[in-house]
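Structural overview
One letter stands for each residue in the lines below.
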Amino acid sequence: MTTMTETSVRFREFKMPDVGEGLTEAEILTWFVQPGDTVTDGQVVCEVETAKAAVELPIPFDGVVHELRFPEGTTVDVGQVIITVDVAPGSGDAPDPAAAAPAQEPVEAPEAEAEAEPKGRTPVLVGYGVAESSTKRRPRKGAAPAPEAAAAAAAVQAELNGHGAPAAEPEAPSARPLAKPPVRKLAKDLGIDLATVVPTGKDGIITREDVHAAAAPAEAPAAAPAAPAATDAEAPAVVSDSARETRIPVKGVRKAIAQAMVGSAFTAPHVTEFVTVDVTRTMKLVAELKEDKDMAGVRVNPLLVIAKALLVAIKRNPEVNAAWDEANQEIVQKHYVNLGIAAATPRGLIVPNIKDAHEKTLPQLAEALGELVTTARDGRTSPAAMAGGTVTITNVGVFGVDTGTPILNPGESAILAVGAIKLQPWVHKGKVKPRQVTTLALSFDHRLVDGELGSKVLADVAAILEQPKRLITWA
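**A few points about the overall build of the chain**
What the chain contains, in helices and strands, is 11 helices and 24 strands. Across the 475 residues of the chain, 37% fall into the buried class. Sequence-distant contacts, at least 24 apart, represent 61% of the contacts inside the chain between residues at least 6 apart. About 26,600 Å² of surface is accessible on the chain, with carbon and sulfur atoms providing 56% of the total.

**A few points about the pattern of salt bridges**
All chains considered together, the criterion is met by 11 salt bridges. Taking the shortest distance from any N to any O, the salt bridge between Arg447 and Asp445 comes out at 2.8 Å. Assessed through its relative accessible area of 26%, Arg447 is described here as partly exposed. Relative accessible area serves as the criterion here: at 2%, Asp445 is assigned to the buried category. Residue Lys456 pairs with Glu452 through a salt bridge whose shortest N-O separation is 3.4 Å.

**Some points on the sheet that holds strand S5 (residues 44–49)**
Across the sheet, 4 strands lie side by side as S6-S5-S3-S8; this open sheet has antiparallel pairing. Each end of this open sheet is capped by a strand with a single partner; those strands are strand S6 (54–58) and strand S8 (75–77). Taken pair by pair, the neighbouring strands of this sheet meet at an average axis angle of 40°, ignoring direction. Note that strand S3 (residues 25–31) and S8 share 3 bridges and pair antiparallel. Its bridge partner lying in S8, Glu25 is registered against Asp77.

The rules behind each value
- Residues numbered from 1 in each chain as written.
- Predicted model: local features only at pLDDT ≥ 70, side-chain atom pairs only at ≥ 80, totals over all residues.
- Heavy atoms only, no water.
- Helix = DSSP H or I, 4+ residues; strand = E, 2+ residues; numbered from the N terminus.
- Buried < 20%, exposed > 50% of the residue type's maximum accessible area, 1.4 Å probe, protein only.
- Contact = heavy atoms within 4.5 Å.
- Areas by Shrake-Rupley, 256 points an atom, 1.4 Å probe, with all protein chains shown as cover.
- Salt bridge = Lys/Arg side-chain N within 4 Å of Asp/Glu carboxyl O.
- Pairing = 2+ DSSP bridges.
- Axes fitted to C-alpha atoms, helices over the stretch in contact; angles between N-to-C directions.

Printed below as a string of structure tokens:
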């Protein structure tokens, strides 16, 4: 929940919110403001990525940005202060943010200040949140290393990067190296420890050129003069291959996908059934719908008809639209259909859903599908749009794949995979003719969906796609 506190009458703090899905952390993707910028109530100050989506955060008061507590690319726990705002600029000299908080621990507030904060319910983006005392920081993984240990680690990292052990230097303060977020990302991508990089920028700031120089293989030291066979010439430069591995932190959407898929695969006993079907008539219907004035302005494609076919199949077999409640040992029958559509985005796989899809007409369903896909591709899908799904469609055919064995979205009972639609030889009316054919795969939770029920649902979808007029006769 979005919370804010007052460090004084003049300065106010804005904390990392829980966007409403019970998430514990989020990564700061982009800051839209900098210290000294004027902000107004409701202005978006940053974009964060949760385990489910990218979310823009508005500030709930007016003022001038005093301090950004975290750089871009940092993962921050819910409840930690991310920005402070001067709500009464011009009333005196503002304290130096560096003096107000240590460089390595910008989010730690003195205990006295923490105790002075109100203990009641604090305002959030929507309504009011839990009591302040319910927001707890997770314990740190370990204390900061001693200077000797840090120096040893830097030496090892330098050796790994191909530079040899750095020359001994006087003890330096333990503040983190100065570098802008894009430079930090570049260093992480190249596997370079910024603590080993010699800065050349103004005020000791590490530049991109510094990181590239650190990544380049260093020259080997000259041959030792005491060696009998040594010459006065320098040894040739050590040539090292580029990194053969890249380590990517598991966080955000990828972390959520991993947890969900492992939880689903090892909790729900999956069964997958397949059927190959002639969809030539469906493709003709799609072509006709594109010319229909009632469908003007919406996107018409085979996925639209397939989605409608699945909704009709669920109406004919409502028991498939259910969920398994392990805690209460109950099967929860859903009398509504929130139809999930698996979408591949730059941030990974997400499954937003169309709320109450069973109540929508074909034009309404087409409009909802178009909005869902556009929002997902733009990375603007909200966590609420991905919550509460009941069944899902995944269209692997767009990648030219014939079919697959999809894993259930957690909390759902079935998922339909649609393969590529291809022109194939097919027996039609006693003759072999070229027909447009696809393969469907239905995975279902065998705890609550028996083989008979799953087979009926898949057969109904196939029958509708073979004879689309059943959308009318079976509706």
